[in-house]
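Coordinate analysis (summary)
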Amino acid sequence: MQNSNHVVLDVKDLGKVFSPSSNHFSGLLEQLLPNCFKKSDEGFVALDTISFEVRRGETVGIIGRNGSGKSTLLQIICGTITPTSGSIYKEGRIAALLELGAGFNPEYTGRENVKINASIYGLTKREIDSKMQSIIDFSEIGDFIDQPVKHYSSGMFVRLAFSVIVHVDADVLIIDEALAVGDILFSQKCIRFLKEFRQRGSILFVSHDSGAISQLCDRVLWIDSGIQKGLGDTATVLDQYLEFLYSTQQETQPVQLGPLDESKREMPALFNHEPWYDARKDVIETSNLSNHIEICKFEAQGQNFGDGAVSIFDAFIRDANGRKLIGVTGGSQVAICFSFFAHQDIESVIVGFLIKDRCGQVIIGDNNCIIHHENPPSVEKGKRYEARFGITLPYLAVSEYTISISVASGNQADHVQHCWNHNAIIFYVEKGPVAHGIFGVPLEFCSLELIEDESV
Ligand SMILES: Nc1ncnc2c1ncn2[C@@H]1O[C@H](COP(=O)(O)OP(=O)(O)OP(=O)(O)O)[C@@H](O)[C@H]1O
């Protein structure tokens, strides 16, 4: 289904204040993390004037750190918590997968809980009976369906609860984080269902997993400490959120440096070995499957964040001979490069890049941590440097891509961002040989062998 302008969920100026006595746990958290908490005279402000809408056929993601108010918001929308202020307009049948086991009675069997749950969603007894086997099959919990759910693992709870909402013909699905529980095969099955559901319904999806959010969501709402920090297209809001997670640092210093004139510089060959071998290379390169990639110029004014100890002033792609490229084909050896100026001496420098697709999903990302693990590089104040990552480009699927680049220091687990540039390089792929998947790799051979002849 195409997104329409028809609004199925309209949340306006929603607020929630928990009374001080309502939860000892939040009181404890408040003592431990005082900066994360806002108080009002009446109690703890869990949500403060949240407004957004979900249109028919749209998938909206909700992100935010732990305790930011995501579950509270979903519970208010589902009617299990009353808001302190604001209003909600809802249309159609809403099915929700909230916290683990919510809505299940632990003493009843899985089958009994399915009956109760499905009837709450408005299914008749006849409908429930006709769908029961399919619900059990989807959940893959087998004979456990006749055990009391108090004996279920958390994964089994999610399987059964998800299976119920798959079968209730909802117009709007509300999913809280739950896909993180359970095994990867079931998670993939759920993601496949949600992708298919998007064709006919709307989804509100809470997750800490920006990969899942970028795969599924058209727009994202970002909440922090109960305050709406962002609402907009997925890639933009995920970038803002990432920036915020690093935001203990100050603004980047303004970039005033231009690219260096390379016309008089000798550039040595960057690679000393052959690129990959693809048995289809000649066909691909001489046909309209050639994976031509058009590269845009570095945008100095692109979004930066970091503590400003370095300024990135150029980013580009070089070919194997070191020439800056405006176009390239998938399967070529290239170096993803960027130059920066060091405003101070820095040790243990980490340089890295992320290639993301149009939805903000990371396709490839790497840094120098492993290659330089024995001898991490340092930079000196007042000097310019160029970071280069030599890779063989895979064949990329038709899309628009961006490359984010960064300079940090420390180690993989614990580092300070000096300068992160979102979307430093933008490039486009208009055609290519990728048959399935996100990108293609060389097909070195493909054969069909006779292994036994039973006709003789
Ligand atoms: N019943 C309650 N009484 C008092 N405070 C509550 C209550 N329920 C939630 N809170 C507080 O409201 C805040 C928001 O909680 P909520 O569970 O909505 O956050 P969240 O974003 O879903 O977190 P997480 O990502 O960890 O699931 C937290 O500080 C929490 O302690």
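The rules behind each value
- Residues numbered from 1 in each chain as written.
- Predicted model: local features only at pLDDT ≥ 70, side-chain atom pairs only at ≥ 80, totals over all residues.
- Heavy atoms only, no water.
- Helix = DSSP H or I, 4+ residues; strand = E, 2+ residues; numbered from the N terminus.
- Buried < 20%, exposed > 50% of the residue type's maximum accessible area, 1.4 Å probe, protein only.
- Contact = heavy atoms within 4.5 Å.
- Areas by Shrake-Rupley, 256 points an atom, 1.4 Å probe, with all protein chains shown as cover.
- Pairing = 2+ DSSP bridges.
- Polar contact = N/O pair within 3.5 Å; in protein donor to acceptor, adjacent residues only side chain to side chain.
- Salt bridge = Lys/Arg side-chain N within 4 Å of Asp/Glu carboxyl O.

1. Observations regarding the overall build of the protein
Looking only at helices and strands, the protein has nine helices and 22 strands in total. Split into buried and exposed, the 456 residues of the protein put 46% on the buried side. By sequence separation, contacts in the protein at least 24 residues apart represent 77% of the contacts at least 6 residues apart. Carbon and sulfur atoms form 52% of the exposed surface of the protein, whose accessible area is close to 24000 Å².

2. Thoughts on the pairing of strand E10 (residues 227–233)
Relative to E10, strand E9 (residues 219–224) runs antiparallel, the two being bridged by six bridges. The partner of Asp 224 across the bridge, within E10, is Ile 227.

3. A look at the side chain of Ser 68
Structurally, Ser 68 is set in the loop between strand E4 (59–63) and helix H2 (70–78). For Ser 68, a relative accessible area of 1% puts it in the buried group. Side-chain polar atoms of Ser 68 contact the side chain of Lys 70, separated by 3.5 Å. Among residues more than four places away in sequence, those in contact with Ser 68 are Ala 46, Ile 223, Asp 224, Ser 225 and Gly 226.

4. A look at the pattern of salt bridges
Enumeration over the complete set of coordinates arrives at 22 salt bridges. Residue Asp 10 pairs with Lys 12 through a salt bridge whose shortest N-O separation is 2.9 Å. A relative accessible area of 16% places Asp 10 in the buried class. The partner of Arg 323 in a salt bridge is Asp 319, with the nearest N and O atoms 2.9 Å apart. With a relative accessible area of 12%, Asp 319 lands in the buried category. Three or more residues joined by partner-sharing salt bridges are found here, namely Glu 53, Arg 55, Glu 58 and Arg 219.

5. A short note on the side chain of Ser 406
Secondary-structure assignment places Ser 406 in strand E20 (residues 399–410). A relative accessible area of 9% places Ser 406 in the buried class. In contact with Ser 406, other than residues within four places in its own chain, are Ile 312, Phe 338, Ile 350, Val 351, Gly 352, Gln 417, Cys 419 and Trp 420.

6. Side note on the pairing of strand E7 (residues 172–176)
With five of five residues buried, E7 is to be regarded as a mostly interior element. Here E7 shows no split at all, with Val 172, Ile 174 and Asp 176 on one side and Leu 173 and Ile 175 on the other all buried. Note that strand E6 (residues 94–97) and E7 share four bridges and pair parallel. Paired with Leu 97 across the two strands is Ile 175, which belongs to E7. Here five bridges tie E7 to strand E8 (residues 202–206), and the two strands are oriented parallel to one another. Counted as the bridge partner of Val 172 is Ser 202 from E8.

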